[in-house]
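Listed below are the residues making up each chain.
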Amino acid sequence: MIDTREFGRSPGSSRNYTLSPPAPAGFGLDMIRVSEGETLELDLLLEAVVEGVLVSGTVRANASGECARCLDPVSEEVEVEVQELFAYPDSATDTSTDEDEVSRVVEDLVDLEPLVRDTVLPSLPAAPLCSPECPGLCSGCGAKWVDLDPEHRHETIDPRWAALRERFGGLEEEN
């Protein structure tokens, strides 16, 4: 939360903010997240405009998680640009838009958490990779392909033919 009374409502007045709040719980996706308490770095400019307060700047965070293919740990530095208008109560924007269309200045305070969350989370990869060439895991045994012999394979038999194998023995190569 930032108190906008510090720079007033006169259009053109502004103030720079450098903030380092901790990340809230649940700040991430299934495979990658910014850990609770991890520092978010916000470099922001808040400007008073006719309709409200324009917030612009950058947000940086360190995200960590698991590779979607091999489950190795991954970490990624995220940096995103933010820009959002927070409308003053009883402004033209306030009366011409639905309540959920634009952010609002409430009691001269600007709540940055929804802005940061709505900007950072979509920039996180839904399926993070430890490297673009990651081959993943063997579907038969679950071992990492990079650790396995190039000749590694699993013999699987169609369950519909398993009874014949039991009755007549193994494959010709096995006899």
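Whatever comes next refers back to the structure up there.
Not measured: the values here are computed from a predicted model. (Residues numbered from 1 in each chain as written. Predicted model: local features only at pLDDT ≥ 70, side-chain atom pairs only at ≥ 80, totals over all residues. Heavy atoms only, no water.)

Trainee: What am I meant to see in the nonpolar core here?
Mentor: For soluble globular proteins, nonpolar side chains are generally found buried alongside one another. One finds L40, L46, V55 and L112 to be the most contacted residues of the largest nonpolar core, which totals 29 residues. Elements represented by at least two residues in this core include exactly β4 (41-48), β5 (52-66), β6 (73-87) and α2 (113-120). When residues of this core are assigned to their parent elements, the largest contribution, five residues, is made by β5. Not counting chain neighbours up to four residues away, the residues in contact with L46 comprise I2, F7, S13, S14, R15, Y17, V53, L54 and V55. (Core = buried A, V, L, I, M, F, W, Y, C linked by side-chain atoms within 4.5 Å. Buried < 20%, exposed > 50% of the residue type's maximum accessible area, 1.4 Å probe, protein only. Helix = DSSP H or I, 4+ residues; strand = E, 2+ residues; numbered from the N terminus. Contact = heavy atoms within 4.5 Å.)

Trainee: How should a nonpolar patch on the surface be read in this particular structure?
Mentor: On the surface, I157, W161, L164 and F168 cluster together to form a nonpolar patch covering roughly 450 Å² of accessible area. Mapped onto the fold, I157 is located in the loop between α2 and α3 (162-168). (Patch = residues over 30% accessible without salt bridge, like charges linked within 9 Å, V, L, I, M, F, W, Y side chains within 5 Å. Areas by Shrake-Rupley, 256 points an atom, 1.4 Å probe, with all protein chains shown as cover. Salt bridge = Lys/Arg side-chain N within 4 Å of Asp/Glu carboxyl O.)

Trainee: What is the right way to read the pairing of β4 from this model?
Mentor: Note on strand geometry: in a regular strand, side chains alternate between the two faces of the sheet. Only one face of β4 is covered, namely the one carrying L42, L44, L46 and A48; the face carrying E41, D43, L45 and E47 has none of its residues buried. Pairing analysis gives eight bridges linking β4 to β5, with the strands arranged antiparallel. Its bridge partner being in β5, E47 is matched across the sheet by L54. Linkage of β4 to β5, two consecutive antiparallel strands, is achieved through a turn of three residues. (Pairing = 2+ DSSP bridges.)

Trainee: Please clarify how α2 should be interpreted in this entry.
Mentor: Structurally, the α-helix is built with 3.6 residues per turn, so residues lying three or four positions apart point the same way. Residues of α2 that are buried: L115, V116, T119 and V120. Looking straight down α2, one finds that the buried residues subtend no more than 110° of arc, so they occupy a single side. On its buried face, α2 sits against β4, β5 and β6. (Arc of directions from axis to C-beta.)

Trainee: Explanation requested: the side chain of T58 in the structure shown.
Mentor: Of note, T58 is situated in strand β5. In this structure the side chain of T58 is engaged in a polar contact, spanning 3.2 Å, whose partner is the side chain of R60. If near-sequence neighbours (up to four positions away) are discounted, T58 is found in contact with E41, L42, D43, L44, E79, V80, E81 and V82. (Polar contact = N/O pair within 3.5 Å; in protein donor to acceptor, adjacent residues only side chain to side chain.)

Trainee: How should I be thinking about the pattern of salt bridges in this particular structure?
Mentor: Close approach of charged atoms allows side chains with opposite charge to pair. Counted according to the given criterion, the structure contains five salt bridges. One salt bridge connects R60 with D43, and the closest N-O pair in it is separated by 2.4 Å. Of this pair, R60 sits in strand β5 while D43 sits in strand β4; the two residues are 17 residues apart in sequence, bridging distant segments of the chain. One salt bridge in this structure joins E113 and R117, with 3.2 Å as the shortest N-O distance. Taken as a pair, E113 and R117 lie in helix α2 at a separation of four residues, close to a single helical turn. One network of salt bridges, with partners in common, ties together E41, D43, R60 and E79.

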